[in-house]
Amino acid sequence: MRNAQWKAASRAALALTGASALAAGMAMVLAAPAAAGTTLGASAAEQGRYFGAAVAANKLSDSAYTTILNREFNSVTPENEMKIDATEPQQGQFSYGAADQIVNHARSRGMQVRGHTLAWHSQQPGWMQNMSGTALRQAMLNHVTQVATHFRGQVVAWDVVNEAFADGSSGARRDSNLQRTGNDWIEAAFRAARAADPGAKLCYNDYNTDDWTHAKTQAVYTMVRDFKQRGVPIDCVGLQSHFNSGSPYPGNYRTTLSSFAALGVDVQITELDIEGASAATYRSVVQDCLAVARCNGITVWGIRDSDSWRASQTPLLFTSGGAKKPAYDAVLAALNNGTTPPPTTPPPTTPPPTTPPPGPGGCTATVSVNQWTGGFVATVKVTAGSSAISSWAVTITLPSGATVTNAWNANRSADAGTTRWTNVAYNGQVGAGQSAEFGFQANGTAGGLTPACAAG
């Protein structure tokens with residue numbers, strides 16, 4: 001968010017309780033709140049996507065607000081209620097009442113929930129602002145673990161790390177107390193989130209990353225590429241896309257979306273608002289997303305103009321009185337028209353890395369490990385050779401004393417010793433030269449894990 005303090009001021013201090021309920025697997029919930037083609041969420045669902053809104057708990061008692069929310073959207077992002085100052089106001093004392101209220105409201109109506117955000121330099125409570133070094137690193141990891149664990153099974157995607165890169169032409173990381181704990185803090189946060197909530201998609205989220213030529217965009221791209229190459233668990237990139245006269249919609253926006261998607265991650269437009277609510281610009285954004293297969297959803301940051309952190313710029317799809325704007329009609333029409341062919345675009349400033357020729361038929365498996373005292377998380381990448389495969393099995397022998405405690409994206413034959421891992425229903429088919437991933441958490445020491453892959 002570009003102005004965190006402005007957004008934070010709208011958050012009410014609520015002490016609300018909510019019941020948690022488990023959801024199955026990693027599937028996106030794309031239930032439409034009304035007949036297909038007549039609302040934003042329903043039309044997006046027909047395209048295999050979601051159309052969501054940022055929601056504030058203190059507005060759920062406003063019937064005009066909830067009428068639009070329940071009718072139009074099939075995804076919800078808590079505006080402030082999952083941020084660090086809201087969920088851990090005192091160190092080790094967690095508060096989930098307002099966030100639980102939003103989650104329960106959404107899920108009881110068939111909407112999915114995006115979690116926002118686990119690690120951020122802003123909106124930290126005072127106790128965290130005053131920490132540094134190893135103590136801060138451990139506090140950050142504990143926060144990620146506790147919050148992601150609380151919402152496990154209820155959140156389909158997490159903005160794990162938010163706004164970690166500096167603006168301007170440097171392409172550098174933002175100087176912050178978290179950054180000063182070590183350059184690997186983002187990776188550490190993602191690994192902790194995967195261990196705590198293995199079924200959720202893990203996203204990096206930032207603003208001013210819409211223009212492909214910008215140094216900040218290139219810096220985020222380079223980090224994501226590095227994470228994917230090294231097996232760091234990242235599943236998606238969030239573009240906030242706050243467009244105004246100072247930061248306009250760029251003509252190469254679709255190039256940005258497709259370039260990130262080419263790295264093997266989903267792309268999500270996470271905080272969309274457009275100064276003046278230009279119908280043409282809203283239409284272009286939706287068409288760009290539809291043209292990129294891995295752009296799987298759009299979230300607008302608020303519902304009515306009066307709910308926006310930029311209310312004076314009237315940037316949303318509904319007036320303060322709740323009326324649909326021309327921009328709403330443009331978005332709905334774009335969604336109902338479906339995918340549009342991408343325009344011819346110049347080659348990226350920094351092209352995606354050259355993919356080496358695929359190996360022989362069959363499959364190979366590689367493993368990356370995040371080890372700590374007493375346990376570890378292993379992420380295994382299965383890569384098909386020169387021919388597509390319809391199933392795979394990976395054999396791993398665990399060191400003596402190591403015991404699997406949790407696993408995701410694969411079935412296993414045992415919890416210790418020589419373990420055979422096989423694909424689940426949704427990740428057995430892997431194209432030539434393409435990859436699928438699974439992972440597991442275990443007690444003990446990883447040692448030198450050596451996976452062997454067999455294809456079906």
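Attention here is on the structure that accompanies the text. Numbering of residues starts from 1 in every chain and runs along the sequence as written. Whole-chain, interface and lining totals are the exception, using all residues; otherwise, since this is a predicted model, local features are given only for residues with pLDDT of at least 70 and side-chain atom pairs are given and counted only at 80 or more. Side-chain measures here rest on the full set of heavy atoms in the structure, leaving out hydrogens and waters.

### Thoughts on the nonpolar core
Soluble globular proteins: nonpolar side chains tend toward being buried together. For the record, the criterion: For the purposes of this section, nonpolar cores are sets of buried Ala, Val, Leu, Ile, Met, Phe, Trp, Tyr and Cys residues that join through side-chain atoms within 4.5 Å. Exposure categories follow from relative accessible area, calculated using a 1.4 Å probe and restricted to protein chains: below 20% of the type maximum is buried, above 50% is exposed, and the middle band is partly exposed. Only DSSP runs of H or I with at least four residues qualify as helices, and only runs of E with at least two residues qualify as strands; both kinds are numbered from the N terminus onward. What makes two residues a contact is simply this: any of their non-hydrogen atoms within 4.5 Å.
Of all hydrophobic cores here, the largest spans 95 residues; its most connected members are Phe 51, Phe 73, Trp 158, Val 161, Phe 190, Tyr 282 and Leu 317. When residues of this core are assigned to their parent elements, the largest contribution, eight residues, is made by helix H8 (residues 185-196). Once residues within four sequence positions are removed from consideration, Leu 317 is found in contact with Leu 40, Phe 51, Tyr 282, Val 300, Ile 303, Ala 323, Lys 324, Lys 325, Ala 327, Tyr 328 and Val 331. In this structure, Ala 365, Trp 392, Ala 410 and Ala 436 belong to the second largest nonpolar core, which totals 23 residues.

### So, the pattern of salt bridges
Spelled out, the test is: A carboxyl oxygen of Asp or Glu within 4 Å of a side-chain nitrogen of Lys or Arg is what we treat as a salt bridge.
All chains considered together, the criterion is met by 19 salt bridges. Note that Glu 187 is salt-bridged to Arg 191, the shortest N-O span being 3.2 Å. Linking Glu 187 with Arg 191, this pair stays in helix H8, spanning four residues, or about one helical turn. Overall, Glu 187 belongs to the buried group, its relative accessible area being 17%. Take Arg 191: its relative accessible area is 7%, and that puts it in the buried class. The closest approach of N and O atoms between Arg 254 and Asp 288, which form a salt bridge, is 2.7 Å. Residue Arg 254 is found in helix H10 (residues 253-261), and its partner Asp 288 is found in helix H11 (residues 279-291); the two are separated by 34 residues along the sequence.

### What to know about the packing of aromatic side chains
Aromatic ring pairs: the centre-centre distance and the angle between the two ring planes describe each pair. Convention followed: Side-chain rings of Phe, Tyr and Trp (the six-membered ring for Trp) are treated as a pair once their centres are within 6.5 Å; stacked means planes under 30 degrees apart, edge-to-face means over 60, and tilted covers the remaining angles. Placement of a charge over a ring requires the Lys NZ or Arg CZ to be within 6 Å of the ring centre, with the centre-to-atom vector within 35 degrees of the ring normal.
On inspection of all chains with the given rule, the structure shows 16 aromatic pairs. Measuring from ring centre to ring centre gives 6.1 Å for Phe 190 and Phe 227, while their planes differ by 70°; the resulting arrangement is edge-to-face. Residue Phe 190 is located in helix H8, and its partner Phe 227 is located in helix H9 (residues 215-230); the two are separated by 37 residues in the primary sequence. On the basis of relative accessible area, Phe 227 is assigned to the buried category, the value being 3%. An aromatic cluster is present here, built from Phe 94, Tyr 96, Phe 151 and Trp 158 joined pairwise through their rings. Note that Lys 216 overlies the ring of Tyr 207, its terminal NZ or CZ placed 3.7 Å from the centroid.

### With respect to the state of the cysteines
Note the following rule: Cysteine sulfur pairs qualify as disulfides if the two atoms are within 2.5 Å.
Per the counting criterion, the structure on display carries three disulfides. Between Cys 203 and Cys 236 runs a disulfide, and the two sulfur atoms are separated by 1.9 Å. Disulfide Cys 203-Cys 236: the torsion about the S-S bond is -80°, which places it as left-handed. With Cys 203 in strand S5 (residues 201-206) and Cys 236 in strand S6 (residues 236-239), this pair connects stretches of sequence that are 33 residues apart. Cys 203 sits in the buried class, given a relative accessible area of 0%. The class for Cys 236 is buried, based on a relative accessible area of 0%. With its sulfur 2.1 Å from that of its partner, Cys 289 forms a disulfide with Cys 295. Every disulfide takes its handedness from the sign of the S-S torsion; for Cys 289 and Cys 295 that torsion is -100°, giving left-handed. Across the pair, exposure class does not vary: Cys 289 and Cys 295 are buried alike.

### Description of the pairing of strand S12 (residues 392-397)
In regular strands, side chains alternate between the two faces of the sheet. The condition that has to hold: Strand pairing requires that DSSP identify at least two bridges connecting the strands.
Across four bridges, S12 lies against strand S17 (residues 452-455) in antiparallel orientation. Bridging from a neighbouring strand, Thr 395 pairs with Ala 452 of S17. Sheet topology note: the S12/strand S15 (residues 418-422) ladder contains five bridges and is antiparallel. Each residue of the ladder has a partner; that of Thr 395, found in S15, is Arg 420.

### A closer look at the sheet that holds S15
What the four strands build is an open sheet, ordered S14-S15-S12-S17; its pairing is antiparallel. Across the chains shown, the open sheet's two edge strands, defined by having one partner strand only, are strand S14 (411-412) and S17.

### Some remarks on the side chain of Ser 247
This is how the line gets drawn: Each polar contact in these results corresponds to two N or O atoms within 3.5 Å; when the atoms are within protein, one needs to be able to donate a hydrogen and the other to accept it, and residues that are neighboring in sequence are counted only if both atoms are side-chain atoms.
Summarising the element assignment, Ser 247 is placed in the loop between strand S7 (242-243) and H10. Of the residues examined, Ser 247 reaches a relative accessible area of 13% and is grouped as buried. At 3.1 Å, the side chain of Ser 247 and the side chain of Asn 208 are in polar contact.

### Quick notes on H8
Formally: Given the number of residues in a helix, its expected span is that number minus one, multiplied by 1.5 Å.
Over its twelve residues, H8 runs 16 Å from end to end, which matches the ideal 16 Å to within 8%, given 1.5 Å per residue. Three or more residues of H8 are buried, namely Trp 185, Ile 186, Glu 187, Ala 188, Ala 189, Phe 190, Arg 191, Ala 192, Ala 193, Arg 194, Ala 195 and Ala 196.

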